[in-house]
Structure formats: C-alpha cells, structure tokens
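Chain by chain, the residues:
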Amino acid sequence: MEGAFIVVIFLIGFVGSFISGMVGVGGSIINFPMLLYIPPLFGIIAFSAHEVSGITAFQVFFASISGVWSYRKGGYLNKQLILYMGGAILIGSFIGSYGSRLMTEEGINIVYGVLAIIAVVMMFIPKKGIDDIPLDQVTYNKWLAASLALIVGIGAGIVGAAGAFILVPIMLVVLKIPTRMTIATSLAITFISSIGATIGKITTDQVLYYPASIMIVASLIASPLGAFVGKKINTKILQWILALLILGTSIKIWSDILFN
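Residues numbered from 1 in each chain as written. Predicted model: local features only at pLDDT ≥ 70, side-chain atom pairs only at ≥ 80, totals over all residues. Heavy atoms only, no water.

Some thoughts on the nonpolar core
Then step 1. Residues M85 and I246 are the most contacted members of the largest nonpolar core, which totals 71 residues.
Then step 2. The contact partners of I246, leaving out residues within four places of it in the chain, are I29, A116, A119, V120, M123 and F165. (Core = buried A, V, L, I, M, F, W, Y, C linked by side-chain atoms within 4.5 Å. Buried < 20%, exposed > 50% of the residue type's maximum accessible area, 1.4 Å probe, protein only. Contact = heavy atoms within 4.5 Å.)

Listed below in structure tokens is the structure:
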C-alpha cells in the first residue's frame, strides 16, 4: 500500500507539473481535484480540502520556479509585469491563505469553483492579434495589473493555489499580453504568489509534508519538460488546452458542491 501511495501521488504531481510548465499555471488547477478525488478511488487515502490546499501550495512553489528557469532565455519574462503583479499577488495570497483556516471545507471548494468559472469564461473570449505584438513593444496598465493580481491572490491563497489558472486569462484578455510571454511571466508571478500561500499554510499547520515532498520531486522533473514542449506548440493550441482543463475542473467541482 505504501508503494501504491507513492506511485499515485507522484503521477498526480507529474501530470499537473508537466501541464503547468506547458501552459503557464502552477499546477493547482489540475492537482487540486486530482488529489481530492483520485487517491480514494484506489483506497489509499482521502485528503480533506484543507489538506489538499496545503499540499498544492507547497508543490506549486517548486513547480513554478522550475518552469521559470526553463523560460529564462528568449525574452519571454516581462520583469516589470512580474514586479507589479508579483508584489500584489504575494500580499493577497498571504491574506487569503492565512484567513482560509476560518473557512469550511465547502467554502474553500466554492471559492475554487467561482475562480474556475471566471477563468473559463475569460479563456473563451476571442484573443485576436495579441501574438502579433513584438515582445519588446508590449504595453499594459500597471495599476490595473496590480489591482487584479491582489484580488486573484486573496482567492488563490484560500484554495492553496498560486492563482495562475485565472491570472493567465486576465493577462491574455484584459492586459493583452502575448501568449508565450503570458506563460513565462505568469509562472514567475505564480512562484512569488506561492511564497505567500505556502507561508500561510505552514503557519496554520495545513501542510502534510510526506505527500507534499513526493509532489515536489515530480514537479522538479515534469515542469521543465512541460516548458520545453510548450515552446514548440502553437499558441492557439496552448490556449485551448488550458481552457478545457479549467472547464473540466469547474464542472467537477460544481457538480460535487451542488449534488453532494
């Protein structure tokens, strides 16, 4: 049973981190529902929503920094945007993760479901012409970016995510950032966000370190592989992969909230 536990948790972490490196999310959009629903199917363990949010917060920290390292060359990282949105989301994620201890299991799942629905709607909004903008000519409203990042950080901190699954649609649709720059930059912002979320979960004793460590090992292997693949795939395909992932997760979360 111990071996099965390690294999299942590792595979969950590997799949989530591979996709995170490919489409610019920290992996929580995939890992949160997988950790919640897959282990019980194998009769291994049933994690609570609080435990899952703690594990994913820890895992996202390592998956995102590993992905950023893979995108460090090529001009994809917008350092100014990382500074503005990263600082704001760090504050928000700490507030959200620390305050999450006061919430019920259902409350955490509802926050996650609401964020997922918003992200789904935004991902299906047409994004014409953004990938025609040269990377050195990208412009955006700095204070709008920071304000949105603060709001995202609070919600993301509650569910133990770094918020990239909603941050990416915001960067694509609202701020008009080209897809590959969005992917690379969102991973860097996700890393910063995960610092606040991780500290909040640790200080409130919401992290199970054994499964989290297995997820981390998987992240360090899979996230760079995903980033490598992401550089080769057409940007429209990357956008559709992320949209469908978020849609599937949203349907699952809300069906459990409404019908259980």
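Don't stop here, the text continues.
Some remarks on the packing of aromatic side chains
Then step 1. Here the structure, examined in full by the defined rule, presents 3 aromatic pairs.
Then step 2. Taking the centre distance of 5.6 Å and the plane angle of 85° together, the rings of Y84 and W143 count as edge-to-face. Of this pair, Y84 sits in helix 4 (residues 79-99) while W143 sits in helix 6 (residues 142-159); the two residues are 59 residues apart in sequence, bridging distant segments of the chain.
Then step 3. On the basis of relative accessible area, Y84 is assigned to the partly exposed category, the value being 23%. (Phe/Tyr/Trp six-rings, centres within 6.5 Å; stacked < 30°, edge-to-face > 60°. Helix = DSSP H or I, 4+ residues; strand = E, 2+ residues; numbered from the N terminus.)

Considering a positive patch on the surface
Then step 1. Taken together, R72, K73, K231 and K232 make up a surface patch of like positive charges.
Then step 2. One can find K73 in the loop between helix 3 (49-70) and helix 4. (Patch = residues over 30% accessible without salt bridge, like charges linked within 9 Å, V, L, I, M, F, W, Y side chains within 5 Å. Areas by Shrake-Rupley, 256 points an atom, 1.4 Å probe, with all protein chains shown as cover. Salt bridge = Lys/Arg side-chain N within 4 Å of Asp/Glu carboxyl O. Lys, Arg positive; Asp, Glu negative; His and termini not counted. Charge placed at Lys NZ, Arg CZ, Asp CG, Glu CD.)

Topic: helix 4
Then step 1. Here helix 4 spans 30 Å end to end across 21 residues, near enough to the 30 Å set by a 1.5 Å rise per residue.
Then step 2. Looking at helix 4, one finds that the buried residues are L81, I82, M85, G86, A88, I89, G92, S93, G96 and S97. (Expected span 1.5 Å × (residues − 1).)

What about the environment of S64?
Then step 1. With respect to the element layout, S64 can be found in helix 3.
Then step 2. Beyond its immediate stretch of four places on either side in the chain, S64 contacts L187, T190, F191 and S194.

Focus on helix 3
Then step 1. Here helix 3 contains 22 residues, and its C-alpha end-to-end distance of 31 Å stays within 8% of the 32 Å for a straight helix at 1.5 Å per residue.
Then step 2. Among the 22 residues that make up helix 3, 17 are buried, leaving the element largely enclosed by the rest of the structure.

A closer look at the side chain of Q59
Then step 1. Along the chain, Q59 falls in helix 3.
Then step 2. Residue Q59 is classed as buried on the basis of its relative accessible area, which comes to 0%.
Then step 3. Side-chain polar atoms of Q59 contact the side chain of N31, separated by 2.8 Å. (Polar contact = N/O pair within 3.5 Å; in protein donor to acceptor, adjacent residues only side chain to side chain.)

Some points on the confidence of the model for the protein
Then step 1. Here the protein averages 82 in pLDDT, and 95% of its residues register 70 or above.
Then step 2. Element-level mean pLDDT values for the protein span from 78 in helix 10 (residues 235-259) up to 87 in helix 9 (residues 209-232). (pLDDT = per-residue confidence, 0-100.)

Quick notes on the packing of helix 7 (residues 164-174) against helix 8 (residues 179-203)
Then step 1. At a closest axis distance of 10 Å, the pairing of helix 7 and helix 8 adopts a crossing angle of 140°. Taken as axis vectors, helix 7 and helix 8 run oblique relative to one another. The chirality of how helix 7 crosses helix 8 is right-handed. On the side of helix 7, the interface is formed by A164, L167, V168, M171 and L172, while helix 8 contributes T179, T182, T185, S186, I189 and T190.
Then step 2. Looking at the contact of helix 7 with helix 8 residue by residue, the class counts come to 6 nonpolar, 5 polar and no charged. (Axes fitted to C-alpha atoms, helices over the stretch in contact; angles between N-to-C directions. Parallel < 35°, antiparallel > 145°, perpendicular 65-115°, else oblique. Left-handed = near helix turned anticlockwise from the far one by under 90°. Nonpolar A, V, L, I, M, F, W, Y, C, P; charged D, E, K, R; others polar.)

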